[in-house]
Amino acid sequence: MKIVIARTAGFCMGVRRAVDTVLDASNDQKGPICTYGPLIHNPQVLDLLKEKGIPAIATIPEKGKGTVVIRAHGVPPEAKEALKEANFAVIDSTCPRVIKVQRIIHRYAKKGHHAIIIGDRDHPEVIGLNGYAYGLGHVVETLSEAKALPDFENAILVAQTTQSVKFFTEVKTWVAETHPHYLTFDTICDSTEKRQADILAIAQTVDAVVVVGGKSSGNTQRLAELARESGKLTFHIEDSDELDFDQLKGLKSLAITAGASTPNWIINKVYRAIESGTASEKRLFGIPVSALKMALLRSNAYLALGAAFLSYACSMLQGIDNWLVPAAVAMLYVLSMHIFNHLTAISADRYNDPERADFYDRNKWALAAFAFTGGGVGLLLAYSLGLFPFLVLLIMSLAGLSYNAPIIPRYFFQGKYRCLRDIPGSKTILITAAWATVTALLPALTSSQGFALSTLPALALAAGMVFSRTVFFDILDMQGDRIVGQETFPIILGDDKTVRLLKNLLITLAVMLPLFSAFGIFTGLGFVLWVNPVMMFILLIAYQKRFVLAGVQLEFLVESHLVCSGIIALFWSLFLG
Ligand code: SF4
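Computed from a predicted model, the values in this text were never measured in an experiment.

Bringing the packing of helix α12 (residues 289–298) against helix α26 (residues 552–576) into the picture now. Closest axis-to-axis distance for the α12/α26 pair is 10 Å, and the angle between their directions is 60°. Taken together, the axis directions place α12 and α26 in an arrangement best described as oblique. In this structure, α12 meets α26 at a crossing whose hand is left-handed. Here Lys293, Met294, Leu296, Leu297 and Arg298 of α12 lie close against α26, whose contacting residues are Val552, Gln553, Glu555, Phe556 and Glu559. When grouped by side-chain class, the residues that make up the contact of α12 with α26 number five nonpolar, one polar and four charged.

Structure below.
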């Protein structure tokens, strides 16, 4: 089945900003933190905030303590004042686009204009907007309600930012015909407009639409209404366990969209569930291909194979013949470290990849034993190459194992940075350094040529390839990492800058390879291996343009890029070298 995810699905700018603000505040600030009212209309996000000890208060106490965050929908001005008077430190994360509407209403209310607000009476944004009209506000939910209003000498017409474009247009037309002196402001947020236009367009091209988001979220309900009005089979679900696969059977194509308050990890979860629940059963040696891919990825076997192949490619680039044992060491090291990494990252995986988190949770002892054995055999093999390679591998293994352990006891240091994990970007830097050492440096150190002119650029190449792979996954895992306070590169730089960084890096690698071969620093493999970073570049663009979606398929393709480096090297050594 062809599955497309609407470009506009998921957090809008305002909701993302509010969620990031609360999570960053909870990770950075001491003292209690709460939100005034539910932060957004999404049950899973509210559950996770509760888990993180961030409750929502419904009323303002006389005496408050700690920090209160005002949600994206905003609040009436008197509520903001009351929160300050209650002694809360107030972080206002009202969406800038909502603030713009508040300001319009406030400015005209001061001049005595009534404000006709098209919106849902009980919606927090509308309650907040009405507060800025200082008694001159009139909330209208239907055209007949608008018609029942008295004729005002001066009035403005605005809409809740997530209101239906169709309904607001109807009211605007009526106002233009009957009260041309009223001032009309187009306040529906362009994110809402695009989202609604997007689903109308996509619905024409698919058999069914799955709308993901809170049942109480107005903008999600409107998306589901639009999809239904288009005549397509429509499902409005909050989570993947509500999917009815019997109804999905036989469909050729399906679109997934989501409301402005639906987090990526829920959209990805729904996508993964549909992807695996409706996958056609192609088989290889009698085993379903999708299950085979999943097993290779979950067990990290495919990744370990990628490490062995990358090690082989780096050896070939440097003209090293004794590649077999270093490649086996690289494979076992990567296998054991990544299993340990996933075992200690179950909390973030609960949001980024719940199936993987369940798999690691269920099999933790078997996987830990497997990782220990793999790591131990890797160390023995390294020892067979010499004491120095053994010590290098031992130090890297200890660094990997102590990644989550507090290095400075709490007794001496109470601050935020107590273990390697707390250092921003440390996960990616450590993975990159470790991989580059085992795949590019180790073969050189254990060969007869030792550290040569080609070793440094080979290290840079391996580091660049592993960095791009790891940061790519960090982009996919941003929301889950932010929830658990893991400061990865995309969280520090933002996803746009990170993608730019990766593109520049991959172009540099693609240029560097043939250039170094031309200058005789690398073997002739550089003349063909440039294809490898280009493949990753194409994959990055394909993801950006949504030709490939986050899921098993994408994960498999990203890991395949490392495997391909070895295949290209093998091809070169058999036919061209
Ligand atoms: S829908 Fe628009 S106005 Fe509302 S929170 Fe999102 S970005 Fe802001």
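From this point, the narrative continues.
Our next topic: the site of the ligand. Inspection of the region around the ligand gives Cys12, Gly14, Cys95, Arg97, Val98, Thr161, Thr162, Cys189 and Thr192 as its neighbouring residues. Residue classes in the shell around the ligand are distributed as four nonpolar, four polar and one charged.

On to the pairing of strand β2 (residues 33–36), then. The two faces of β2 match: Ile33 and Thr35 on one face and Cys34 and Tyr36 on the other face are all buried. Bridge count between β2 and strand β4 (residues 67–70): four bridges; the pairing is parallel. Bridging from a neighbouring strand, Thr35 pairs with Val69 of β4. Of the strand pairs in this sheet, β2 and strand β3 (residues 56–57) are connected by two bridges, and their pairing is parallel. If you follow Thr35 over to β3, its bridge partner there is Ala56. Following the backbone out of β2, through helix α2 (residues 43–51) and into the adjacent parallel β3, one traces a crossover that is right-handed.

The next thing to look at is a nonpolar patch on the surface. Together, Leu570, Phe571, Leu574, Phe575 and Leu576 make up an exposed nonpolar region whose accessible area comes to about 560 Å². By the element assignment, Leu576 lies in helix α26.

Across a sheet, paired strands are connected by hydrogen bonds in the backbone, their directions being either parallel or antiparallel. Strand order across the open sheet formed by four strands is β7-β6-β8-β9, with parallel pairing between neighbours. Unpaired on one side and paired on the other, β7 (137–140) and β9 (183–184) mark the two borders of the sheet. On top of the sheet, helix α4 (residues 96–110) reaches β6 (114–118), β8 (155–159) and β9; it is set at about 170° to β8, its chief contact.

Another aspect to go through is unusual backbone geometry. A positive phi angle, near 80°, is found at Asn87, a position not held by glycine. Summarising the element assignment, Asn87 is placed in the loop between α3 (77–85) and β5 (89–92). One non-glycine residue, Tyr134, lies in the positive phi region at around 45°. Its location among the elements puts Tyr134 in the loop between α5 (124–131) and β7.

What follows deals with the sheet that holds strand β12 (residues 253–258). Pairing in this open sheet of four strands is parallel, and the strands run β1-β12-β10-β11 from one edge to the other. At either margin of the open sheet sits one strand with a lone partner, and together these are β1 (2–5) and β11 (233–237). Taken over all neighbouring pairs, the strand axes of this sheet differ in orientation by 20° on average, direction set aside. Relative to β12, strand β10 (residues 208–212) runs parallel, the two sharing five bridges. From the neighbouring strand, Ala208 faces β12, where its bridge partner is Leu254. Each of β1, β10 and β12 touches helix α8 (residues 190–203); the most contacted strand, β12, lies at about 170° to it.

Using the criterion set out here, one finds 16 salt bridges in the structure. With a shortest N-O distance of 3.0 Å, Arg97 and Asp190 are connected by a salt bridge. Of this pair, Arg97 sits in helix α4 while Asp190 sits in helix α8, and the two are 93 residues apart along the sequence. Classification of Arg97 as partly exposed rests on a relative accessible area of 32%. Residue Asp190 is classed as partly exposed on the basis of its relative accessible area, which comes to 36%. Across the pair Glu555 and Arg272 runs a salt bridge whose closest N-O atoms are separated by 3.9 Å.

Bringing the pairing of β10 into the picture now. Counting buried positions along β10 yields five of five residues, so the element is predominantly enclosed. The two faces of β10 match: Ala208, Val210 and Val212 on one face and Val209 and Val211 on the other face are all buried. Examined bridge by bridge, β10 and β11 share five bridges and lie parallel to one another. Bridging from a neighbouring strand, Val209 pairs with Thr234 of β11. Crossover connection from β10 via helix α9 (residues 218–229) to parallel β11: handedness right-handed.

Turning our attention to the side chain of Ser336. Within the fold, Ser336 resides in helix α14 (residues 324–344). Of the residues examined, Ser336 reaches a relative accessible area of 2% and is grouped as buried. In this structure, Ser336 is in contact with Ala371, Gly374 and Gly375, ignoring residues within four places of it in sequence.

What counts as what
- Residues numbered from 1 in each chain as written.
- Predicted model: local features only at pLDDT ≥ 70, side-chain atom pairs only at ≥ 80, totals over all residues.
- Heavy atoms only, no water.
- Axes fitted to C-alpha atoms, helices over the stretch in contact; angles between N-to-C directions.
- Helix = DSSP H or I, 4+ residues; strand = E, 2+ residues; numbered from the N terminus.
- Parallel < 35°, antiparallel > 145°, perpendicular 65-115°, else oblique.
- Left-handed = near helix turned anticlockwise from the far one by under 90°.
- Contact = heavy atoms within 4.5 Å.
- Nonpolar A, V, L, I, M, F, W, Y, C, P; charged D, E, K, R; others polar.
- Near = heavy atom within 4 Å.
- Buried < 20%, exposed > 50% of the residue type's maximum accessible area, 1.4 Å probe, protein only.
- Pairing = 2+ DSSP bridges.
- Right-handed = clockwise from strand over helix to strand, strands pointing away.
- Patch = residues over 30% accessible without salt bridge, like charges linked within 9 Å, V, L, I, M, F, W, Y side chains within 5 Å.
- Areas by Shrake-Rupley, 256 points an atom, 1.4 Å probe, with all protein chains shown as cover.
- Salt bridge = Lys/Arg side-chain N within 4 Å of Asp/Glu carboxyl O.

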